[in-house]
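# Examining the three-dimensional arrangement
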Amino acid sequence: MQRLQALIRSRMTANSRRQTVWDIAKIVGSLSLVFAPVAGLIVWFSNPVNGEHHAPDEASQSAQAAKTKEPTEVYLGEFSSVSGSAERAKATPESEGIRVVEFEVSGIMRGTKDEVIHFERRLGGYHNRIKAAMTEIARGATVGELNDAMTESLRSKIRNKLNGLFRKPVFEEVVFGHFRMYEL
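These remarks concern the structure in this document.

Reading guide: rules and limits
- Residues numbered from 1 in each chain as written.
- Predicted model: local features only at pLDDT ≥ 70, side-chain atom pairs only at ≥ 80, totals over all residues.
- Heavy atoms only, no water.
- Phe/Tyr/Trp six-rings, centres within 6.5 Å; stacked < 30°, edge-to-face > 60°.
- Buried < 20%, exposed > 50% of the residue type's maximum accessible area, 1.4 Å probe, protein only.
- Helix = DSSP H or I, 4+ residues; strand = E, 2+ residues; numbered from the N terminus.
- Arc of directions from axis to C-beta.
- Contact = heavy atoms within 4.5 Å.
- Pairing = 2+ DSSP bridges.
- Axes fitted to C-alpha atoms, helices over the stretch in contact; angles between N-to-C directions.

### Notes on the packing of aromatic side chains
For the coordinates displayed, the defined rule picks out eight aromatic pairs. Measuring from ring centre to ring centre gives 5.1 Å for Phe-176 and Phe-179, while their planes differ by 40°; the resulting arrangement is tilted.

Set out below in structure tokens:
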């Protein structure tokens, strides 16, 4: 090993050492030409203007707020449904008479402000389909589902129907503004 080191040292001349030092100096000089302006810009932008620190402008704050996905309540409408018939109730005493269901529905969706606004604009084109879906669900609901205090089953059916209508899981939850069912 010592012989190899001695051989390498003997081959290295004074000129080659000077050349190596010169190459290193050129590399360091080139890098300083690149990094000095960048460092200057960093210092210039980080210093306060007139001794005051400025908070981020409102436009950047609102842009950041628009990018966060928070749960938002989207109003879907007020619906009513009538099912049953007086003739059937008279013919069979144990059968149900006329049942009226009235409810107001909102959906909870998660999205940015821009996504929610875009969805609410599109929602107008789906009004008739949503109304038909709500009527179908209310007419098909059992008395037990309608009398359930939490209305979990009914809300789950509505959520699944709406997500199927939009062909993607838009709503995480469905809530009622008011819910009333009575029989005549």
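### Some remarks on helix α5 (residues 113-123)
Along α5, the residues that are buried comprise Val-116, Phe-119 and Leu-123. Along the long axis of α5, the arc covered by the buried residues comes to 65°, so they all point the same way. In α5, the exposed positions that point more than 90 degrees away from the buried face belong to Lys-113, Asp-114 and Arg-121. The inward-facing, buried residues of α5 contact β1 (70-83), β2 (99-111), α6 (127-140), α8 (152-166) and β3 (171-183).

### Here's the deal with the sheet that holds β1
An order of β1-β2-β3 is seen for the three strands of this open sheet, with the pairing classed as antiparallel. Each of the sheet's edge strands pairs with one partner strand only, and the pair in question is β1 and β3. Each adjacent strand pair in this sheet contributes to an overall mean axis angle of 15°, direction not counted. Direction of pairing for β2 relative to β3: antiparallel, over a ladder of eleven bridges. Each residue of the ladder has a partner; that of Ser-106, found in β3, is Val-175. Its contacts with the sheet put α6 on β1 and β2, and the angle it makes with β1 is roughly 60°. Those strands touched by α8 are β1, β2 and β3, and its axis lies near 125° from that of β3.

Read these as spatial facts, not as claims about activity.
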